[in-house]
Structure formats: structure tokens, C-alpha cells
Amino acid sequence: MNKKTELEEKIENFIRPEIRALSAYHVPDSKNLIKLDAMENPYQWPDDLVDQWLEVIRDVELNRYPDPGARILKQHLREAMAVPTDAEILLGNGSDELIQMIMMAMAGKDSSGNARSVLSVEPGFVMYKMIATFMDMPYIGVPLNDDFSLNETVLIEKIKETQPAVIFLAYPNNPTSNLFDEQTIRNIIDVAPGVVVIDEAYHAFAEKSFMPMLNEYDNLLVMRTVSKMGLAGLRLGLLAGKPEWLNEFDKVRLPYNINILTQASAEFAIKNRHVLDQQTQQICVDREQLFNELSKIKNITTYPSQANFILLRLQQGQADKVFTTLKNKGILIKNLNPAGGLLKDCLRITVGTEEENKKFLEIFKTAL
Ligand SMILES: *Cc1c(COP(=O)(O)O)cnc(C)c1O
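Residues numbered from 1 in each chain as written. Predicted model: local features only at pLDDT ≥ 70, side-chain atom pairs only at ≥ 80, totals over all residues. Heavy atoms only, no water.

Trainee: I tried to follow the sheet that holds strand 2 (residues 88–92) on my own but got confused; where do I start?
Mentor: Within a sheet, each strand pairs with its neighbour through backbone hydrogen bonds, oriented either parallel or antiparallel. Taken together, 7 strands build an open sheet; the order of strands is 2-8-7-6-5-3-4 and the sheet is mixed. Each edge of the open sheet is held by one strand with a lone partner, namely strand 2 and strand 4 (139–143). If you compare each strand with its neighbour and ignore which way they point, the axes differ by 25 degrees on average. As paired strands, strand 3 (residues 118–122) and strand 4 are joined by 5 bridges and run parallel to one another. Among the inter-strand pairings, Val 118 is bridged to a residue of strand 4, identified as Tyr 139. Those strands touched by helix 4 (residues 71–80) are strand 2 and strand 8 (237–241), and its axis lies near 115 degrees from that of strand 2. Here helix 10 (residues 243–250) sits on the sheet in contact with strand 2, strand 6 (195–199), strand 7 (220–225) and strand 8, set at roughly 30 degrees to strand 2. (Pairing = 2+ DSSP bridges. Helix = DSSP H or I, 4+ residues; strand = E, 2+ residues; numbered from the N terminus. Axes fitted to C-alpha atoms, helices over the stretch in contact; angles between N-to-C directions. Contact = heavy atoms within 4.5 Å.)

Now the structure itself:
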């Protein structure tokens, strides 16, 4: 056994064990690769729009703090995202920060001395579990059915048993790309002791939303982000719901969390959102095209998508090999096989430009 250095001992003494046990969120190097791994919008803005944006940016006073309440941006977002008038909104540095703010405000023990917990579904968005770990909150992951639908009986049972402070459901779900049954979610909201956060990161590609239902429930929160609709670089997310909840979450928000360039750029982008809308509509058209082509391939399962990505299940033991072949030939997708469980043998492909999708298909077919 090697003797521990003094520094190693200090790390062991002073860094929380649950943090030491983690590995940092891994973002693969994508230099020179066609990037179909992270649900980004593949399109840039037309030159004249870029010029107009630069004019806006020119006047931004970088020496000043941004508006701490981002009031103008909030007003634009409220309108663009059809937030009901009596709902409050809270902005985050990406919706990841909103997830963190919710948990920071809730972590701790309830009146009977039990640690407040977080519940979501598996497979689901990995940040719910990760941030729960950061906050030392117990995380309950309830398995989806084999067809990725919600297992209502087990969910309701688990909610009653564990009394989670917060339930997260991505709608559509990542990485399975489906919309869960609306009535099942309503039943979950009805039995949830705390809040239910419907994470609508892929709203631009889906036909349904819980935003109009905010008025019906005291414990429903709806989360959106501008990332998947074409502004991933800005880092801006939005939480909508009852002011009573949001006023509490707002207390753990760091001042000026939405920087001045993001505020100005997002305001500009929303004013010109027809450009983004056109791009997301194109992505939906190309998604159907890609889905149809993939559906023709034998021996793989292609899952229908309400998002800007497609989930595939390959024959047993094929996923790692196909992923590596694609990468060696210049295409980066997401290999979900290492996640195991229902995601064994699965790959996830973000819908790119028509040309990128074609190239992917070509290489994918030869890699199989
Ligand atoms: C991508 C994604 C997010 C994170 O969005 P950011 O606003 O970029 O932090 C949140 N939820 C789901 C389900 C996602 O897929």
C-alpha cells in the first residue's frame, strides 16, 4: 500500500465523501466531429441578423452589473412562452441552475426528522440525480415501463411511501424522447406531497405542454430552457409557477445570475424568434425524415420522438462498436449502453442538418 500524501489526507478529511465518490460531468471532445450528441440546434443565424445582434451588443455596458431581476427579459419570455398571467417566473443560468436552486431551497430534514427527498424516473435526465447528490438529498429513481411509459401504479405507491419534496418529470423525456401520458401526470400531481416540476426542455419540438395547467394546481411548476431551441450558448432557463414557491426559490439565487450579454442577446433573439421557430420546425421535418429512414433498417428499434433527437436500440452487444465506428468516421453521437438498465444497447442521435443526418445514416448503415 502506498502511503497517503498529506494532501490526499486533507482531501479525504475535508471533501464530502459523496462528492469524492462522483466523477465530474463528462463532456467529450468534439473537435472536428459532426456533433449529434447534445441536442443542439445545428443552425446559425443569417448574416444580417448577426449584424443586428452585434449592434445590440455594442451598447451593452460591461462595466455595470446586469439588471438583477432581468425585468425586460422576463417580460419577453413571459409572452414568448405563454406563461399564464398569475404565474410568477424565475430565471436560471440554464435550467440546470433552476434544478439546483429548487433543491438548495428544499434540502434538509422535515419536521419528523426525515431527509427531504427527490423522485424521478429511470431512465431520465441525469442532472436530477446528480444535483440531489450534491445537495445530499436522497434520490428515488422509479423505473419506466419497457416501452418508456410511466408505471403509474409503482409511481403512486413510491410517492406515497417516500413522500418526496420534489418530483421531476421531463416532458418529453430525455433520453427516451416520448411524452408521458397526461392523465398519469395529473394523478401524480394530485398525490404529490410537495412540488412536481415538469421539465419542458424540448417543448419547441413537442405538441403538448403543462404551461396552461399552472392555474389548476398549487404544486405544479413548469420549467423551460432556450438551450434546445437554438441558444445553448447563452445559458438561460425559466421556471414558472405559483409566486409563493418561486419567492422562496428566489432567495437561494445568486445575485446577477443572468449575465448582461445573455440578457441582451436573449431579448434580441426572442424579438426575432421567427428565425428560431423556422429552424425548430425544420428540425421537426428532418426528424420525421430521419425516423423514416431509420425505421427501414432491419434489426434495430427506432423509437418515435417528440424531441430533437432519436433513440435507437441495436442488437445485443452492438452499441459500443457502432458508436466507436461513427466516432472514428467523424460523427459524435451519444452511447447510452454504458448507462445500462433499459438503455442497454441504445444510442441517441440528435437531429442535425439534412446533410449531417444523411452522412450519419450512410456511415451508420455501414457500421451495423
Ligand atoms: C438539456 C436539458 C436540460 C438542461 O438545459 P439547460 O437549460 O441547458 O441547462 C434540462 N432538462 C432536460 C430534460 C434536458 O434535456
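Trainee: Looking at this model, I keep getting lost on the nonpolar core. Mind explaining?
Mentor: A general feature of soluble globular proteins is that nonpolar side chains tend to end up buried together. Judged by nonpolar contacts, the single largest core of 56 residues is most densely connected at Leu 73, Leu 150, Leu 169, Ile 185, Ile 188, Phe 210 and Leu 220. Built from parts of two domains, this core gets at least three residues from each of domain 1 (8–46 + 274–367) and domain 2 (66–271). What Leu 150 contacts, discounting residues up to four positions off in sequence, is Val 121, Leu 144, Asn 145, Leu 155, Leu 169, Phe 180, Thr 184, Ile 185 and Ile 188. One finds Tyr 202, Cys 284, Ile 297 and Ala 367 within the second-largest nonpolar core, a separate group that totals 33 residues. (Core = buried A, V, L, I, M, F, W, Y, C linked by side-chain atoms within 4.5 Å. Buried < 20%, exposed > 50% of the residue type's maximum accessible area, 1.4 Å probe, protein only. Domains from an automatic or database assignment.)

Trainee: Help me understand the site of the ligand in this model?
Mentor: Near the ligand lie 13 residues; those nearest to it are Asp 199, Tyr 202, Thr 225, Ser 227 and Lys 228. Taking Asp 96, its main chain carries an N or O atom lying 3.1 Å from an oxygen atom of the ligand. Between Tyr 202 and the ligand, the recorded distance is 2.6 Å, taken from a side-chain N or O atom to an oxygen atom. When the ligand is considered free in solution it has 390 Å² of accessible area, and contact with the protein chains removes 93% of it. Spatially, the ligand is embedded in the largest pocket. Broken down by secondary-structure element, the contributors of at least two residues to the shell around the ligand are helix 5 (95–106) and helix 9 (227–231). When the residues that make up the shell around the ligand are grouped by side-chain class, the tally is 4 nonpolar, 5 polar and 4 charged. (Near = heavy atom within 4 Å. Polar contact = N/O pair within 3.5 Å; in protein donor to acceptor, adjacent residues only side chain to side chain. Areas by Shrake-Rupley, 256 points an atom, 1.4 Å probe, with all protein chains shown as cover. 1 Å grid on protein atoms, 1.4 Å probe; cavity = no way out; pocket = protein on both sides within 12 Å on 5 of 7 lines; lining within 4 Å. Sits in = over half its atoms within 2 Å of the grid points. Nonpolar A, V, L, I, M, F, W, Y, C, P; charged D, E, K, R; others polar.)

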